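Summary of the model geometry
The primary structure of each chain is shown beneath.
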Amino acid sequence: MAEQQRSPGGAGRAAPAGGCGCRTDCLEGPLSRALRALGALVGAHPWPFLLLPLALSGALGSGFMFLRSREANDIEGQFTPLGGPAKGERRFVQARFPTRDNQSFSAQRLSTEGAFAALLAVAAAGRDSLLTRDALAELLALDEAVRALNASGRAFAQLCARSGGACSSPNPLLGALQGRPERIEALLPGLTWPLAFQGRAFLAPFLGGVELGAGGAELARPVRAARALRLLYYLQEDEPAQRSACRLWLGSFLARIPDVLHSLNLSHVQVAYFTSLSRQEEFEKNTKEIVPLFSITYFLTIFFSIMSCSRLDCVRTKVWVAAFGVFSSGLAVLSSFGLLLFCGVPFVITVANAPFLILGVGVDDMFIMVSCWQQTKVKDRVKDRMADTYAEAAVSVTITTLTDVLAFYIGIATSFQSVRSFCLYTGTAFIFCYLYNLTFFGAILALNGKREESNRHWLTFMKVETKAQDSHGHACNMCCIGGSFDEITGTEIEHPMNGFFRKHYGPFLMHTWSKVVVVVLYLLYLGSSIYGCTQVKQGIDLRNLASDHSYVIQYYDWEEKYFEVYGPRVMVVVTQSIEYWNSSVRADLENCMESLENISYVDKELSESWLRTYEIVASKLSLNLDDRAFFISNLSILFNITPESRWDIDFNATEISASRFFIQTSSVTTAVDESNLLSQLRGLAKDCQIPLLVYHPGFIFFDQYIVIVQNTIQNIAIATGAMLLISLLLIPNPLCSLWVTFAIASVVVGVTGFMTYWDVNLDSISMINLVICIGFSVDFSAHISYAFVSSEKPKVNDKAVDALYRLGYPVVQGAVSTILGVVVLSVAASYIFRTFFKIMFLVILFGAAHGLIFIPVFLTFFGFCGRSPRTYLPFRSPAFWENAELRNPGDSCSLAQYRPAPG
């Protein structure tokens, strides 16, 4: 937020003796003069500056024809770290352990989550268990209906993943029934969990909400009842043709399963469904749902802009200026997005947030320019008024744009593609906002100035009288009389809100007891924020990528409720050729496995090791495993006993290039658990004497926990340093520049802390907004500090009141317009857009609170946070300064630049 136009005079105006000295704000001089010349040019010839941006927007806007081809909404590509370790681990697993068509299917050996359809059945209300004849009869009928589904003539039986020559069973318990639900009465007394059927089946992924009886082994407790049962239908996807057919079948499944469930008229079970395509498809629907909200935002922003810029005076009102100011932001979105689409920049769903933000922030610059225009002399030529407006406002707008664009472009350095795309699109849009404000909007302001100059009505454009006529009624005088201004200052009449900050709010805030309340309020804010920072959750929950009314939410909820005991089954891969026939090497490998099994997240009794099995077999058969040739040649004995182990060893006649084992995790229910699991497993694997890696397809998403905090802190630190440099160039007092940095840190801590209280995780989506915090914190605090330092008032309290008088209303306008720009996102059905609203609301709320409450008070605690007394100009009477004119406009560094006005 930039300050309103300062009067070039005032008793005791600050300037360094003998010239600019060390005043860094004098860097504004050349820029101010250049922009003054531009303002005069726009004022003299507005039409080219109006038409050229329109033509440019039309040309660049044609880039939207590439929108469909530029969409990049792959969840893994956008919301996982670029170059994450798990992606490299997956490539290694795929290279060493490829799946084959003739392989006996094993879900735990997949390097991806696979292609599948899932049904999750839960006992209907009033029923305690699914392990009844009636419930299982309904599930068998449902299973039969799913198997009967086909797509493009391809039935499930042709596409299914196979085990033993037949389609793999969707559920071991359902397979044991052999199509006869009454068999459950014979099976139930001997059914155990999590291992069932003499340890041949691991039921934890398939049977949930289990009620266990007393007795039994630790891993084979008797089952009394179960609330949930899951069916998993895996498909073959080894070849491109198979993957294409799978997508068609899964699409048919999603389209027809609601009708199937309805036709079966299930009364004993409730069913939720999900596929490997569901998460991606539901995620892509979010963009379509948000489009209607943009029209609401546009209307709200135009309405607020018109209302805040309106006057009762039918000539001085800025209705058209406000409306076209919003339109200018729309042109910036059209141009920037079109340009980047032309350049092939990926369009991610997070970018759909950008127009809401740009619209809210873009009108902020409009308010500054309108405010500066209103303080120019009404009787001056439009060309001169535009020059004065640009000389003051455009510099402030330049600073605001620089901070915002810099904050966004720094965000491009992150490891998340979704953040990169958002920052690039938004930062470029702000550049276009700036250019169009100086050209298109400036032309609108100039044309409106010509209308005011000829005293024409804002709607009819007919000339009106400047003074009320007794012969006209009161209503007629209100509607048809206009053009009044302050005869003393020659400027437009002071807006009531400026008067409120000068007469009421500022003096109230400067009372001693008010300052005490502000300090106490800030300490409460800071304490709550710091505590919240310690409780913030990390990582994006994949369910949040779907809209609230999506069918996948029910599936996720039941999965979390009934299947939370056991977590992912993790591969432990030996990545290099080692001497397995060397007993000491086997001992080292066993030590590594034991160290992994001993962490709290692993159930050591459920590990799977081909080497342990091989050693047991060798012991029983008296085989010598200490000979290389014998060890390798007799692996066939192991494969006959455990056929699936052949897919865990990559070997030839002379060596074993790589092999893998499996460990079973448990109690991995939160993002913290996932982060701890990943870091502990990788740490132990790294410290092992045997070259190991640990992998599970879910680790692709777990990787975000490693970099999210680091990336966030890095971006915030770099951006804060850059903002400090800008504030040093803006504010001619280093101490007050530090106050700006303090405000930035305070707002970031506040937003991060209060994310916890509003159920927002620290993920790639919220990280975008924390980067935004930097730019907005500067907008609200740097200019308040600058106004305080540059104030001509002798006392610190008066300086604070003066700063609030000049900046209070533009700060309020900017804050409200930005909130209105994103408020409609609060009703969005998507977590992504609601999160954007929540954090933007916190950013604006806390930023405005610092600018309007905390910073003005804190600055008064240090009387030396101002210009040095020796830098003040010699005293001149108020009349001298009130009528003084600049000899060289734009350079206010020395007394010689001022001369008394004639007379």
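Residues numbered from 1 in each chain as written. Predicted model: local features only at pLDDT ≥ 70, side-chain atom pairs only at ≥ 80, totals over all residues. Heavy atoms only, no water.

As for the nonpolar core
Applied cut-off: Residue types Ala, Val, Leu, Ile, Met, Phe, Trp, Tyr and Cys, when buried and joined through side-chain atoms within 4.5 Å, form a set referred to as a nonpolar core. Note on exposure labels: buried denotes an accessible area under 20% of the residue type's maximum, exposed denotes more than 50%, and partly exposed covers the range between, all computed with a 1.4 Å probe on protein chains only. Going along the chain from the N terminus, every DSSP run of H or I of four or more residues is numbered as a helix, and every run of E of two or more is numbered as a strand. In what follows, a contact means two residues having at least one pair of non-hydrogen atoms within 4.5 Å.
Counting 198 residues, the largest nonpolar core has Tyr580, Trp610, Phe631 and Leu692 as the members making the most contacts within it. In terms of residue count, helix α30 (residues 831–859) provides more of this core than any other element does, 19 residues in total. Those residues within four positions of Phe631 in sequence are excluded, and the remaining contacts are Tyr580, Trp581, Trp610, Leu611, Tyr614, Leu625 and Ile656. Ranked by size, the runner-up nonpolar core spans 55 residues in total, among them Leu136, Leu203, Leu250 and Tyr273.

Thoughts on the packing of helix α17 (residues 496–509) against α30
So the rule is basically this: Lines fitted to C-alpha atoms define the axes here, with helix axes fitted over just the stretch in contact, and angles between the N-to-C directions of these axes take values from 0 to 180 degrees. Note on terminology: angles under 35 degrees are roughly parallel, angles over 145 are roughly antiparallel, angles of 65 to 115 are roughly perpendicular, and the others are oblique. Handedness of a helix crossing follows the sense of rotation of the near helix relative to the far helix, less than a right angle counterclockwise being left-handed and clockwise being right-handed.
Two numbers describe how α17 lies on α30: the axes approach to 10 Å, and their chain directions differ by 60°. As judged from the angle between their axes, α17 and α30 are oblique. In this structure, α17 meets α30 at a crossing whose hand is right-handed. In this structure, α17 uses Phe501, Tyr505 and Leu509 to contact α30, whose residues at the interface are Leu852, Ile853, Pro856 and Val857.

A closer look at helix α19 (residues 551–562)
Short version of the rule: Expected helix span is taken as 1.5 Å per residue step, with the number of steps being one fewer than the number of residues.
A rise of 1.5 Å per residue sets the reference length of α19, with its 12 residues, at 16 Å; its end C-alpha atoms lie 18 Å apart and thus fit the reference within 8%. Residues Val552, Ile553, Tyr555, Tyr556, Trp558 and Tyr562 constitute the buried set of α19.

Some thoughts on the packing of aromatic side chains
In plain terms, the rule: Centre distance within 6.5 Å is the pairing criterion for rings of Phe, Tyr and Trp, where only the six-membered ring of Trp is used; planes under 30 degrees apart are then read as stacked, over 60 as edge-to-face, and the remainder as tilted. We call a charge positioned over a ring when the NZ of a Lys or the CZ of an Arg lies within 6 Å of the ring centre and within 35 degrees of the ring normal.
According to the stated counting rule, one finds 54 aromatic pairs in the structure shown. An aromatic cluster of three or more residues is present, and its members are Tyr522, Tyr525, Phe742, Phe754, Tyr757, Phe846, Phe854, Phe858 and Phe861. Looking at Arg230, its charged tip hangs above the ring of Phe563, at a distance of 4.3 Å from the centre. Taking NZ or CZ as reference, Arg502 lies 5.6 Å from the ring centre of Tyr805, over its face.

Structural notes on the environment of Val574
Within the fold, Val574 resides in strand β11 (residues 566–574). Along the chain, Val574 and Arg660 lie 86 residues apart, while their C-alpha atoms are 6.0 Å from each other. Excluding residues within four positions of it along the chain, Val574 makes contact with Tyr580, Leu589, Ser657, Ala658, Ser659, Phe661, Ile690, Pro691 and Leu692.

Side note on unusual backbone geometry
Backbone torsion omega between Trp193 and Pro194 reads 5°, so that peptide bond is classified as cis. Locating Pro194 in the fold gives a position in strand β6 (residues 192–196). Despite not being glycine, Gln198 shows a phi value in the positive range, around 60°. With respect to the secondary-structure elements, Gln198 resides in the loop between β6 and β7 (201–202). Despite not being glycine, Asn265 has its phi angle at roughly 50°, a positive value. By relative accessible area, Asn265 is classed as exposed at 63%.

What to know about the state of the cysteines
Cut-off, in case you're wondering: Here, two cysteine sulfur atoms that lie within 2.5 Å of each other are counted as a disulfide.
Using the criterion set out here, one finds two disulfides in the structure. In this model, Cys160 is linked to Cys167 through a disulfide, with the two sulfur atoms separated by 1.8 Å. Across the S-S bond linking Cys160 and Cys167, the dihedral sits near -70°, which makes this disulfide left-handed. Paired through a disulfide, Cys592 and Cys688 show a sulfur-sulfur distance of 1.5 Å. Between Cys592 and Cys688, the S-S dihedral sits near 75°, and the bridge is therefore right-handed. With Cys592 in helix α20 (residues 583–597) and Cys688 in the loop between α24 (671–687) and β15 (692–695), this residue pair connects regions lying 96 residues apart in the sequence. As far as burial versus exposure is concerned, Cys592 and Cys688 are alike and both buried.

Regarding the pattern of salt bridges
Which entries qualify depends on this criterion: By salt bridge we mean one thing: a side-chain nitrogen of Lys or Arg within 4 Å of a carboxyl oxygen of Asp or Glu.
Within this structure, the stated rule accounts for 27 salt bridges. Asp648 serves as the salt-bridge partner of Arg109, at 2.7 Å between the closest nitrogen and oxygen. Of this pair, Arg109 sits in the loop between α5 (85–96) and β1 (115–123) while Asp648 sits in the loop between α23 (635–641) and β13 (649–651), and the two are 539 residues apart along the sequence. As far as burial versus exposure is concerned, Arg109 and Asp648 are alike and both buried.

Bear in mind that shape data such as this cannot, by itself, settle questions of function.
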